[in-house]
Structure formats: structure tokens, C-alpha cells
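What follows is each chain in one-letter form.
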Amino acid sequence: MSFFSERIGQIPPYLFAEINNKKAKMIKAGVDIIDLGIGDPDLPTPKHIVEKLSEEAQDPKNLKYPSFVGCPEFKQAVADFYSREYGVKLDPETEVLALIGSKEGIAHIIPTLVDPGDYVLIPDPSYPVYRMAALLANALYHNMPLTKENNFHPDFATIPKEILGRSKLMFLNYPGNPTAATVELPFFEEAIAFAKKHKIPIAHDSAYNKVTFDSYKAPSILQVEGAKDIAVEFGSLSKTYSMTGFRIGYVVGNRKIIKALSVLKSNTDTGQFTPIQKAAAYALNGDQSCVTQYNQIYKERMAAMLDGLKSIGVEVDPPKGSFFIWAPVPEGYTSAEFVTNVLEQTGVIMTPGNAFGPSGEGYFRVSLSVPSERLYEAVNRIKEKLKLVIR
Ligand SMILES: Cc1ncc(COP(=O)(O)O)c(C=O)c1O
């Protein structure tokens, strides 16, 4: 007898389980493990944001049930951010919704727009939540392969007609996790035209929108004329301001989709703690030098790791955004074999590409979100200890 729903039964076993077992054994044996598998920034939340959080937490009126849709200060701060950064005008009342981290909104938009048996179009490889949330909503998904040949952009023309007719939502994500790929505005123009032609709403996940390097500025999909007719964009404070533990994000764009999502949410959660929303508003409105400073640190770590990988014959073009490196495994290895080999020889954990979808096979992901001295130690171990066995 099983107590569990078919839905839960569909969620595949955790792909990291084997690596985690190995990690636990190695730690027990005294090996100094450096974990480059996690995507949680090590850099601290800037002090002014934390101070604002504690200040707001002193005010008794902030300790009541929060607004379901987000407090006015936070929604206005998001609207101001879009106006400043992208020249996109948003009505904070109807076109901005606060989320308890963008992950929550990403998971909830599927049952908002997609019925059981409908399709969700998902980039492959991608953030696993798109795929798992589709399964949990009893929806089907179609993988849109992201390949190096296509600069890790989906080729819309290859989506089968019969699937297009049954698709109710498409996810996109740039700068991308895990590929670190970026786009320019014409890609979004193409995506919006395609979405309108086939009447498929787009949810663009812009979690890494401000984690960018040099002169590259990641566009917003809402910069495309008429994008609000068919698209929403998810955003997060987690990565830009190292606020992962705060759990605060937002979704902006099409007001009908936002309204429907808020109906679902108001029946499942009661919004984020008001002091967190006010601290997030302060982060968006305040001094942005912390963002520049953190991006510079990621850029330096990126250069060091790219150099380390080059020393073992793995060459990757420097990414323009995100804190990930998406690299091909050396000849003769599967993703799992390669990361296991790296772990055994160096104590460094990387993520096998197939953890992000079938098209991730043949790749591995390195996350740069560990303290710089540990990152440089990992680079040294790769350079000195990693001996690849050519098969
Ligand atoms: C691509 C992508 N989207 C969304 C998220 C979720 O971010 P949060 O829920 O912290 O806003 C993550 C976190 O790792 C991510 O990598």
C-alpha cells in the first residue's frame, strides 16, 4: 500500500544523492572538501540592508500579517527599478506582485496557467524547478535543447506542431542557470513574436539580471514592445544582493497573469514578512556599489577558474553573466564520471550537467559562490592534482 500521490511518485530520485554519499564518506575520512556545486552566494548581505531589516522589525505594525500582494514600498521599488534600469513603466498596483523568493512564484505559475495534460516548454538544461513543478502540477513538459551551436538559445522552429498546440507556458532564463548564457534584446523580440503567434505565455526568469560583467547589461523581456500582452518576468534579490535567506522576489508584467497568480497565492500563502519586504525595497532603492563590488569578485573568481580548467584542456568562453561556468567534460567521460573523478582526485565538488536536463549530459557546472581563498585553492588542486585518464 502506498500513502503517496502519483504526483510525488513522479519526482525522480535526487541526482546528487551519489555525490553527497561520496562527499559524506570523504569528509569522514578527513578530506578537505570544496563544494562548487551550490549556487548560494558566500558574500554577505550588505550591512545597510541587514540594518534596515532589524530597524523595520522593531515596528509592531510590521509584525502583523503582511499584505498578500506585497507592501506598497516594495512594489513601488520594483516599479522604479524597471523604470530606471530598462525604461519599462509598471503599475505597482496591478503589474507587480511580491513573492516569497522567485522559486515560489515559478512553481505556482504552472498551476495558474497550465491544466493537467497541457505542456510547459522548458529550456534544457535549466533550473530544475521548472521541470519538477510541471510534474507536480500533473502537466507535461517539452524540453527545448540549448546547445553550444545555438549559443544556448532555444530553436523555436524545432518544437513539434502537436506540442505547440497543447503548450500553455514557456520558460526562458537569461543570464542562464546552468549555462551562464546571455541574450540581447532581438532574441526576446523573436521569443515574444513566437509566443504571440502561438498564443503561449512566456515566463522569463531573470534571477541573475544584475550579476553581469564589464559593459554587458542583461535586457528585460518587458523592453520588447507589447511584451506585457503575453509575458511576465520573475526577479529575485537573492543573487544580486546575496539575500538568498531573505526569500524575497517578484513577478512583473501581464496584469491578468499576475492577478490569477495572486488568487492562487492568496489561498496558499500569506505573503512575505513586511520587514523583509521593506529591507528589499531599501536594497533596490539604495546604494548599488555593493552590486558592482560583488560582480567584480565573481569576475575575478571566474577568470581564475577558467584558467584552472584550461590547464586540464577544458576551454570555455568567459561568461557575461551569472556566477556559473558551464563547461564540456573532457573526451571519454560522462558528466557523472568526470565530476566523480574530480571529487576523488581533488576533493572539489562540481555538478554533473545532466542534473539540469538530458541536454546537460557532456557538461559540468562550476559555481563560484564560495570564498575566494577556497576557490583559488580549488583552482590550484585542479592544476596540480587532476590527472585525466584518456580512455
Ligand atoms: C535560474 C534560477 N531561478 C530562480 C531561482 C530562485 O531564486 P530565489 O527563490 O532565491 O528567488 C534560482 C536559484 O537558484 C535560479 O538559479
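About the thresholds
- Residues numbered from 1 in each chain as written.
- Predicted model: local features only at pLDDT ≥ 70, side-chain atom pairs only at ≥ 80, totals over all residues.
- Heavy atoms only, no water.
- Helix = DSSP H or I, 4+ residues; strand = E, 2+ residues; numbered from the N terminus.
- Pairing = 2+ DSSP bridges.
- Axes fitted to C-alpha atoms, helices over the stretch in contact; angles between N-to-C directions.
- Contact = heavy atoms within 4.5 Å.
- Near = heavy atom within 4 Å.
- Polar contact = N/O pair within 3.5 Å; in protein donor to acceptor, adjacent residues only side chain to side chain.
- Areas by Shrake-Rupley, 256 points an atom, 1.4 Å probe, with all protein chains shown as cover.
- Nonpolar A, V, L, I, M, F, W, Y, C, P; charged D, E, K, R; others polar.
- Domains from an automatic or database assignment.
- Buried area = accessible area lost by both parts, 1.4 Å probe.
- Salt bridge = Lys/Arg side-chain N within 4 Å of Asp/Glu carboxyl O.
- Buried < 20%, exposed > 50% of the residue type's maximum accessible area, 1.4 Å probe, protein only.
- Right-handed = clockwise from strand over helix to strand, strands pointing away.

Caption draft 1: Region of the structure containing unusual backbone geometry. Omega for the peptide link from Asp124 to Pro125 comes to 10°, which places this bond in the cis form. Mapped onto the fold, Pro125 is located in the loop between strand 3 (119-124) and helix 6 (128-136). Cis geometry marks the peptide bond from Tyr174 to Pro175; its omega dihedral reads -10°. Here Pro175 is to be found in the loop between strand 5 (167-173) and helix 8 (185-198). In this model, Asp214 sits at a positive phi of 55°, which is unusual for a non-glycine residue. For Asp214, the location among the structural elements is in the loop between strand 6 (202-205) and strand 7 (231-236). Positioned with a positive phi, Ser242 is a non-glycine residue whose angle comes to about 50°. Counting through the fold element by element, Ser242 comes out in the loop between strand 7 and strand 8 (249-253).

Caption draft 2: View of the sheet that holds strand 6. An order of 2-8-7-6-5-3-4 is seen for the seven strands of this open sheet, with the pairing classed as mixed. Taken across any chain shown, the strands that pair with only one partner, and hence form the sheet edges, are strand 2 (96-99) and strand 4 (140-145). Across the sheet, the mean angle separating the axes of adjacent strands is 20° when strand polarity is ignored. Note: strand 5 against strand 6, four bridges, orientation parallel. Among the inter-strand pairings, Leu172 is bridged to a residue of strand 6, identified as His204. Contacts from helix 4 (residues 72-86) reach strand 2, strand 7 and strand 8, with the element oriented near 60° to strand 8. Most of the contacts of helix 9 (residues 255-266) go to strand 2, to which it runs at about 35°, and overall it touches strand 2, strand 7 and strand 8.

Caption draft 3: Fine view of the site of the ligand. The full set close to the ligand counts 14 residues, and Asp205, Tyr208, Ser236, Ser238 and Arg247 are the nearest of them. Between an oxygen atom of the ligand and a side-chain N or O atom of Lys239, the distance comes to 2.8 Å. Contact distances for the ligand include 2.7 Å between an oxygen atom and a side-chain N or O atom of Arg247. The fraction of the free accessible surface of the ligand (390 Å²) that becomes covered by protein chains is 92%. The leading source of residues in the shell around the ligand is helix 5 (residues 102-113), at three residues. The residue inventory of the shell around the ligand, partitioned by class, reads four nonpolar, six polar and four charged.

Caption draft 4: Quick look at the domain arrangement of the protein. Once the domains are mapped, the protein shows domain 1 (6-45 + 289-385) and domain 2 (64-285). Here domain 1 meets domain 2 over a buried area of about 2,900 Å², counting both sides, of which 61% is carbon and sulfur. Linking domain 1 with domain 2 are one salt bridge. For Lys299, the salt bridge is made with Asp214, and the minimal N-O distance between the two is 2.7 Å.

Caption draft 5: Structural context of the sheet that holds strand 9 (residues 324-328). Pairing is antiparallel across the open sheet formed by three strands, whose spatial order is 9-12-11. What marks the edges here is a single partner per strand, and that holds for strand 9 and strand 11 (351-352). This element, helix 11 (residues 289-311), spans strand 9 and strand 12 (363-367) of the sheet and lies at about 15° to strand 9.

Caption draft 6: Geometry of the pairing of strand 6. Here strand 6 shows a buried face lined by Ile202 and His204 and a second buried face lined by Ala203 and Asp205. Considered for its hand, the β-α-β crossover made up of strand 5, helix 8 and strand 6 is right-handed. Inspection of the sheet shows strand 6 paired to strand 7 by four bridges, in the parallel sense. Pairing of Ala203 across the sheet is with Val232, part of strand 7.

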